[in-house]
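Spelled out from the first residue to the last, the chains are:
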Amino acid sequence: MTESKAVHERKHVWRNEFLLIISLVVFVGVVYALDGAIKPVFTTSTLLLTGVFLALVPAAIWLVFFYMQDRLEPEPKGYVVGVFALGALFAAAVGVPLIENVFRVSHWIYASTTATILGGILVVGFTQEFLKYAAVRYSIYHSDEFDEATDGVIYATAAGLGYATVLNIQFVVSNGGVDLGTGVIRMAIVALAQASFSGITGYFLGRAKFESEQIWWMPLGITLAAIFNGLFNWLRGLVSQTSVSLSNVAVNPWPGLAFAAIVAFATTGIVLWLVRRNLSMQAGK
Amino acid sequence: MENKKISLGDRYAEITVALITIIALIGGWFYKSSVENSSVPFNVEGITAQAPKGWLQSEPSGDELLRTTDRSSSGYNTTYILRKIPIAADTSASQVASLLTLGHGQDLLAFRLLEQREVTVYGKTAYEISYVYVESNPNLTHKNIPSVVRGIDYIYMNSDNAVVVSFWADDRNFDIDLGRFHLFLQSIKY
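Source: prediction; values computed, not measured.

Draft legend 1. Representation of the environment of lysine 77 of chain A within the structure. With respect to the element layout, lysine 77 of chain A can be found in helix α3 (residues 77-102). Overall, lysine 77 of chain A belongs to the partly exposed group, its relative accessible area being 23%.

Draft legend 2. The environment of leucine 272 of chain A, seen in detail. Residues and elements named next belong to chain A. Mapped onto the elements of the fold, leucine 272 is located in helix α9 (residues 253-284). On the basis of relative accessible area, leucine 272 is assigned to the buried category, the value being 11%. When the C-alpha atoms of leucine 272 and threonine 150 are compared, they prove to be 9.4 Å apart, with 122 residues separating the residues in sequence.

Draft legend 3. Expanded view of the interface of chain B and chain A. The interface of chain B with chain A comprises 32 residues on the first partner and 42 residues on the second. Regarding the contact of chain B and chain A, the summed buried area is about 3100 Å², with carbon and sulfur atoms giving 65% of it. Arginine 137 of chain A is the salt-bridge partner of glutamate 14 of chain B, the closest N and O atoms lying 2.9 Å from each other. Linking chain B with chain A are five residue pairs in polar contact (both at pLDDT 80 or more). Elements with a minimum of two residues in the side of chain B that touches chain A: α1 (8-36) and α3 (174-187) of chain B. When residues in the side of chain B that touches chain A are grouped by element, the largest group, 18 residues, is from α1 of chain B. In terms of residue class, the side of chain B that touches chain A is made up of 13 nonpolar, 10 polar and nine charged.

Draft legend 4. Geometry of the environment of serine 39 of chain B. Residue and element names in this part refer to chain B. Checked against the element boundaries, serine 39 lands in strand β1 (residues 39-44). As for serine 39 and glycine 123, which are separated by 84 residues in sequence, their C-alpha atoms are 22 Å apart. When sequence neighbours within four positions are dropped, the list of residues in contact with serine 39 reads Gln50, Ala51, Pro52, Lys53 and Arg180. There is a polar contact of 3.0 Å between the side chain of serine 39 and the side chain of glutamine 50.

Draft legend 5. How the structure looks around the pairing of strand β8 (residues 147-158) of chain B. Residue and element names in this part refer to chain B. The pairing of strand β7 (residues 124-135) with β8 spans nine bridges and is antiparallel. For tyrosine 127, the partnering residue across the bridge sits in β8 and is isoleucine 155. Here β8 pairs with strand β9 (residues 161-170) via 10 bridges, running antiparallel. Its bridge partner lying in β9, isoleucine 152 is registered against phenylalanine 167. Taking the residues that link successive antiparallel strands as the turn, the β8-β9 hairpin has two residues, and the phi of serine 159 there is positive, at about 45 degrees.

Draft legend 6. Spatial organisation of unusual backbone geometry. Residues and elements named next belong to chain B. In the Ramachandran plot, glutamate 45 falls in the positive-phi region, its phi being about 50 degrees despite a non-glycine side chain. Counting through the fold element by element, glutamate 45 comes out in the loop between β1 and β2 (47-52). Although it is not a glycine, serine 159 adopts a positive phi angle of roughly 45 degrees. Note that serine 159 resides in the loop between β8 and β9.

Draft legend 7. A look at the packing of aromatic side chains. All names here are of chain B. For the coordinates displayed, the defined rule picks out 26 aromatic pairs over all chains. The interplanar angle of 40 degrees and the centroid separation of 6.3 Å between the aromatic rings of phenylalanine 181 and phenylalanine 184 together place this pair among those described as tilted. Placement of both phenylalanine 181 and phenylalanine 184 in helix α3 is noted, with a separation of three residues, approximately one turn of the helix. A residue is classified by how much of its surface remains accessible, and phenylalanine 184, at 0% relative accessible area, is buried. Site record: aromatic cluster; members linked through ring pairs are Trp55, Tyr80, Tyr154, Phe167, Phe174, Phe181 and Phe184. In this structure, arginine 150 is placed above the aromatic ring of phenylalanine 174, and the distance from its NZ or CZ to the ring centre is 4.0 Å.

Draft legend 8. Molecular detail of the pattern of salt bridges. Following the criterion strictly, the structure yields 12 salt bridges over all chains and no others. In this structure, glutamate 14 of chain B and arginine 11 of chain B form a salt bridge, with 2.7 Å as the shortest nitrogen-oxygen distance. Of this pair, glutamate 14 of chain B and arginine 11 of chain B both sit in helix α1, three residues apart, which is roughly one turn of that helix. You can call glutamate 14 of chain B buried: its relative accessible area is 12%. A residue is classified by how much of its surface remains accessible, and arginine 11 of chain B, at 37% relative accessible area, is partly exposed. Of the charged contacts in the structure, one is a salt bridge between lysine 84 of chain B and glutamate 45 of chain B, with a shortest N-O distance of 3.8 Å. With lysine 84 of chain B in strand β5 (residues 79-86) and glutamate 45 of chain B in the loop between β1 and β2, this residue pair connects regions lying 39 residues apart in the sequence. According to the relative accessible area criterion, lysine 84 of chain B is partly exposed, its value standing at 21%. By sharing partners, the salt bridges in this structure join Arg137 of chain A together with Arg11 and Glu14 of chain B into a single network.

Thresholds, definitions, all that
Residues numbered from 1 in each chain as written. Chains lettered and ligands numbered in written order. Predicted model: local features only at pLDDT ≥ 70, side-chain atom pairs only at ≥ 80, totals over all residues. Heavy atoms only, no water. Helix = DSSP H or I, 4+ residues; strand = E, 2+ residues; numbered from the N terminus. Buried < 20%, exposed > 50% of the residue type's maximum accessible area, 1.4 Å probe, protein only. Contact = heavy atoms within 4.5 Å. Buried area = accessible area lost by both parts, 1.4 Å probe. Salt bridge = Lys/Arg side-chain N within 4 Å of Asp/Glu carboxyl O. Polar contact = N/O pair within 3.5 Å; in protein donor to acceptor, adjacent residues only side chain to side chain. Nonpolar A, V, L, I, M, F, W, Y, C, P; charged D, E, K, R; others polar. Pairing = 2+ DSSP bridges. Phe/Tyr/Trp six-rings, centres within 6.5 Å; stacked < 30°, edge-to-face > 60°. Lys NZ or Arg CZ within 6 Å of the ring centre and 35° of its normal.

Below you can see the structure in the form of structure tokens.
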């Protein structure tokens, strides 16, 4: 077996990840403030179109940063967009129908805390993380362009944002448009979560390609990402829920956004630390 | 940088990832079934049943002993109703069915009878009425589009009363929710 190594860290990749998190929070703040100040009046179709446009913004922000900063060690932009599209396609063709129509998750996942956690990990987590993994593994992974361990993070993030975009568009369409203020917060949370957990899968993918890892390495990566995914959704529900009465559950989405941003920072930080540690270990050999 | 060739180890890892995902989904499916089919015992006026757990259950009122609703179902919330109607000794099931049909015609919007027949359900003879109606919020300012609801009533004759078990579900969920209703139907003892 030929063994090769990722030799450098590609700082801009991490800068992009952190900038994405900050920009999404700023973006949400701006849309929320504008919505409050202007109080726009929409027709059904313009509300739907605005919602779909907003659903595309998180991925657009990341891609813009990526294009701007990926100058020294450029990844083929077509491949990045292609993996993004594949992530979106897998979400629309497999992920959403499987979770919503076959497993009918919304009918039972909120029955108890155990159901929320187990359903979130076994059904939602594994489906989403496997499809994002598949979008990278069965496209760019064997290409010569996937030539560094960090590429795993880049392409998996692209797949994750593709997946998030479809989830957000589906949310907008199924609700016939969304309230701009709370809708944009939800979109940012979904994008941050999907990008973060993809980062974990991407790290494992990168190492799986360039190092002789054990057979359990990649399954461990998917399982960890699925567990984080399931736990995140449960904890986000807890922090967002402000009060419960017999007739309804009051939800404040802001703590959910703060929680998503913290999780995204922490996950990206941990993946960055792992990549650095791996590089320094390789340099020491 | 040189890329690693696809090795046998890679292939095994790839298969293991797929296997782990399939095992997780199978586990999820079993867990989903256990949550959806979990029930709570119900016992009123000599009628016992296993009502779905986690559904919104109303207190008995009039001839209605149980009304339980799945608040998480989309569109019209799937509802089971259990009634005990006093009848004269010589009343037939088809006469009870006619009375129920008349009542539905008065109470339910755009009510249409689809089919009525005598059936055997889990070893018990029953009279089945299938129908459809439109559920619309009476509040004129409500913006929800009315739902098309499909219903089935099973009438069991029991000496001086008729036990009527009704299943109402949104037209889109009817076939999917019917299996769970049959578990409820099977559990009824009177």
